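# Structural characterization, general
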Amino acid sequence: MRAKAKALGVHLLTASGAVFAMLAMLAAAKLQWDVMFLWLVVALIVDGIDGPLARRFDTKKHAPEYDGALMDLIIDYLNYVFVPAYALFVSGRLEGWTGWFAIIVITYASAMYFSDTRMKTKDNSFSGFPACWNMVILVIFALKPNFWVATAIIAVLTVAMILPLKFIHPVRTERWRPLSLLVVVAWIGLAFIAAWKNFDHPSWVSTGLLVTSAYLLLAGLAQQILPVRKYTS
């Protein structure tokens with residue numbers, strides 16, 4: 001009974017992400033981008049810890065009536081794709097056809113990606129860019145690139161979703177995991193500061209977001225290029 005209660009608690013934690021998505025959407029509707037991104041950062045933290053908890057408390061065994069993986073995908077689509085894409089369009093960061101291009105390719109390609117059974121690699125990384133548009137769009141808000149650069153970033157990452165390119169899961173990819181965990185925690189801290197300051201933050205925050213984002217985007221590709229060293233006695 002105790003094991004079942006713990007497993008159900010994990011499912012309830014995962015489900016809270018839907019509430020954070022709604023709170024973020026309400027803030028976005030009021031053009032409160034700082035509040036919206038703060039809720040999305042909270043949702044990102046929950047998404048980062050519910051998986052390890054689900055495995056620790058074996059939710060598939062003790063609470064099989066709820067499909068945690070399906071719930072996670074639904075909530076991730078809201079927090080990672082739908083809400084940030086809406087914010088990008090309504091905020092005017094991309095004007096005219098570039099805004100329409102962005103929301104169409106982001107939402108359409110992400111729906112296909114989230115339903116792709118090949119999205120995970122053998123080492124628990126992602127095959128193709130894992131539709132983390134919440135992180136990408138937060139960085140666009142923070143760094144304020146011109147619309148051509150922002151559009152190019154979105155186009156490149158959308159194409160990367162369908163290519164056999166490896167992107168790490170900071171928690172589940174074992175190779176370089178200590179460094180990856182440190183980087184993602186730093187990214188979350190920097191993102192929180194940027195949103196808290198309503199994106200009127202010091203330059204070191206922008207630099208930190210750029211560096212940590214580059215690592216999270218490129219670490220998997222580096223692992224594909226660099227072979228794993230095998231030590232022999």
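Going by the structure above, here's the rest.
Definitions and limits used
- Residues numbered from 1 in each chain as written.
- Predicted model: local features only at pLDDT ≥ 70, side-chain atom pairs only at ≥ 80, totals over all residues.
- Heavy atoms only, no water.
- Salt bridge = Lys/Arg side-chain N within 4 Å of Asp/Glu carboxyl O.
- Helix = DSSP H or I, 4+ residues; strand = E, 2+ residues; numbered from the N terminus.
- Contact = heavy atoms within 4.5 Å.
- Polar contact = N/O pair within 3.5 Å; in protein donor to acceptor, adjacent residues only side chain to side chain.
- Patch = residues over 30% accessible without salt bridge, like charges linked within 9 Å, V, L, I, M, F, W, Y side chains within 5 Å.
- Areas by Shrake-Rupley, 256 points an atom, 1.4 Å probe, with all protein chains shown as cover.

## Some thoughts on the pattern of salt bridges
Inspection of every chain in the model, using the stated rule, returns 3 salt bridges. Notably, a salt bridge pairs glutamate 65 with lysine 4, separated by 2.8 Å at the nearest N-O pair. Of this pair, glutamate 65 sits in the loop between helix H3 (59–62) and helix H4 (68–90) while lysine 4 sits in helix H1 (residues 2–29), placing them 61 residues apart in sequence. Residues arginine 118 and aspartate 116 are paired through a salt bridge, measuring 3.0 Å at the closest nitrogen-oxygen approach.

## As for the environment of threonine 173
Structurally, the position occupied by threonine 173 is in the loop between strand S2 (166–167) and helix H8 (177–196). Placed 47 residues apart in sequence, threonine 173 and glycine 220 show a C-alpha to C-alpha distance of 9.2 Å. In this view, threonine 173 contacts Asp123, Asn124, Ser125, Ile168 and Gln223; residues no more than four positions away in its chain are not counted. Within the structure, the side chain of threonine 173 is placed 2.8 Å from the side chain of serine 125, a separation counted as a polar contact. Here histidine 169 takes part through its backbone nitrogen, which lies 2.8 Å from a polar atom of the side chain of threonine 173.

## With respect to a nonpolar patch on the surface
Judged by side-chain polarity, Trp176, Leu179, Leu182, Ile225 and Leu226 come together as a nonpolar surface patch covering roughly 510 Å² of accessible area. Tracing the sequence through the fold places leucine 179 in helix H8.

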